[in-house]
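This is what each chain is made of:
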Amino acid sequence: MDPPDHTRLRGLVSRAFTPRMVERLRPRVEAVTAGLIAALPEEGDLVSGFAYPLPVMVICEMLGVPPEDHERFQGWSETAARSLDPMLTAELISESGRSGREFRDYFRDLLELRRRQPGDDLLSALTRVEELTEGELLATCVLLLVAGHETTVNLIANGVLALVRHGLLRQAAERPRQVVEEVLRYDPPVQLTGRVALRDAELGGTPVPAGTAVVALIGAANRDPAVFPDPDRFDPGRFDPDRTDPDRTDPRRLDGAREPGRHLAFGLGIHFCLGATLARMEGEIALSALAAAAPRMELLDPAPAYRPNLVLRGLAKLPVRLNR
């Protein structure tokens, strides 16, 4: 979406994701994290037991989605994530259409409930915004729910895999901010994104006529050796925590390759990820708490399977032994 519609819609929801608002969630995120870790078996799948339920519970509480509905929308969310891929089968296109209708019907009923019984949540607040059409309201709800957990699931699971493989899990407890920034660079939850040129342009000597679809490879940009020396090496030390802005989500800060935010895991410009502050906080809390509780964790599968998604890259399962 482009301005002015993009500016209007983003402005309506962005206030719920400011650093100050997100920081108010910290105690709840820490409590949910501690509860999930305490319930983990000594051996099991870390995706289903920890990486998935944590961000789902957080975004559902923010939106006002009942906890008992978590499993109900899991399939819809997974289909929505797969439908972002550039190459879709006819079967997946059909499934995506059906799933999308069911997802919107779910939110239509939930929004009506929030109009009658408003609460202190984002959905209740959105129902009071007269500028939103029903289509915009429903699309925004689906976007926030899917984007609010599918990506953070990958951030947590991809992070654990990289840390354990490199024998650096303890660093997540010692310097969680640097670890999360390096995970976002090294194995970003979103591998690519798409844009359409609004006017004739040129990229790297290649003409891009207006109306041309362009695929931007975020994962490749984050391994650019001109920006990150030895880019295939997982090294949280490449990010200096003393050189940060108070608002680390500001996409305009591009000075200095060692500054958090230099990677493109959250995009850039007016479409910079709305939930970057929340994702960072969840990742830092999740990885640091897990490292403190199980610093000698082992992989039970040295090559765990990934989901078939291209855009949202994440593990299907991550079997581990905690060795608490």
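The structure under discussion appears in the preceding block.
All of these numbers come straight from a predicted model, not from anything done at the bench.

Honestly, the side chain of N222 in this entry has me stumped. Any pointers?
With respect to the helices and strands, N222 occurs in the loop between α12 (218-221) and α13 (276-293). You can call N222 buried: its relative accessible area is 1%. Among the polar contacts listed, one links the side chain of N222 to the backbone oxygen of L184, at a separation of 3.3 Å. At 2.8 Å, the side chain of N222 and the backbone nitrogen of L264 are in polar contact. The residues touching N222, leaving out its near neighbours within four places in the chain, are L184, R185, P188, F228, H263, L264 and A265.

Whenever I open this one, helix α9 (residues 134-165) confuses me. Can you help?
Because each turn of an α-helix spans 3.6 residues, side chains separated by three or four positions in sequence point in the same direction. The terminal C-alpha atoms of α9 lie 47 Å apart, and with 32 residues this matches the ideal 46 Å at 1.5 Å per residue to within 8%. Two residues or fewer past α9, G167 is found with a positive phi of approximately 65°.

What am I meant to see in the packing of aromatic side chains here?
What characterises a pair of aromatic rings is the spacing of the ring centres plus the angle enclosed by the ring planes. Counting across every chain of the model gives seven aromatic pairs. A centroid spacing of 5.8 Å and a plane angle of 55° characterise the contact between W76 and Y106, whose relative ring orientation is tilted. Remark: Y106 occurs in helix α7 (residues 90-116) and W76 occurs in helix α6 (residues 70-82); sequence separation between them is 30 residues. The burial state of W76 is the same as that of Y106; both residues are buried. Here Y186 and F234 contribute two aromatic rings whose centre-to-centre distance is 5.1 Å and whose plane-to-plane angle is 70°, an arrangement assigned as edge-to-face. Remark: F234 occurs in the loop between α12 and α13 and Y186 occurs in helix α11 (residues 176-186); sequence separation between them is 48 residues. Judged by its relative accessible area of 5%, F234 falls in the buried class. Ring pairing ties together the aromatic residues W76, F103, Y106 and F107, which thus form one cluster. The positively charged end of R313 is found above the aromatic ring belonging to Y306, 4.1 Å away from the centroid.

Hey, could you run me through the packing of α6 against α9 in this one?
Packed helices, taken two at a time, are described by the angle their axes make and the gap between the axes. The N-to-C vectors of α6 and α9 enclose an angle of 85°; their axes lie 10 Å apart at closest approach. Judged on the interaxial angle alone, α9 and α6 are roughly perpendicular. Listed contacts from α9 to F73, S77, E78, A80 and A81 of α6 are L145, V146, H149 and E150. Its residues assigned to classes, the contact of α6 with α9 shows five nonpolar, two polar and two charged.

Definitions and cut-offs
Residues numbered from 1 in each chain as written. Predicted model: local features only at pLDDT ≥ 70, side-chain atom pairs only at ≥ 80, totals over all residues. Heavy atoms only, no water. Helix = DSSP H or I, 4+ residues; strand = E, 2+ residues; numbered from the N terminus. Buried < 20%, exposed > 50% of the residue type's maximum accessible area, 1.4 Å probe, protein only. Polar contact = N/O pair within 3.5 Å; in protein donor to acceptor, adjacent residues only side chain to side chain. Contact = heavy atoms within 4.5 Å. Expected span 1.5 Å × (residues − 1). Phe/Tyr/Trp six-rings, centres within 6.5 Å; stacked < 30°, edge-to-face > 60°. Lys NZ or Arg CZ within 6 Å of the ring centre and 35° of its normal. Axes fitted to C-alpha atoms, helices over the stretch in contact; angles between N-to-C directions. Parallel < 35°, antiparallel > 145°, perpendicular 65-115°, else oblique. Nonpolar A, V, L, I, M, F, W, Y, C, P; charged D, E, K, R; others polar.

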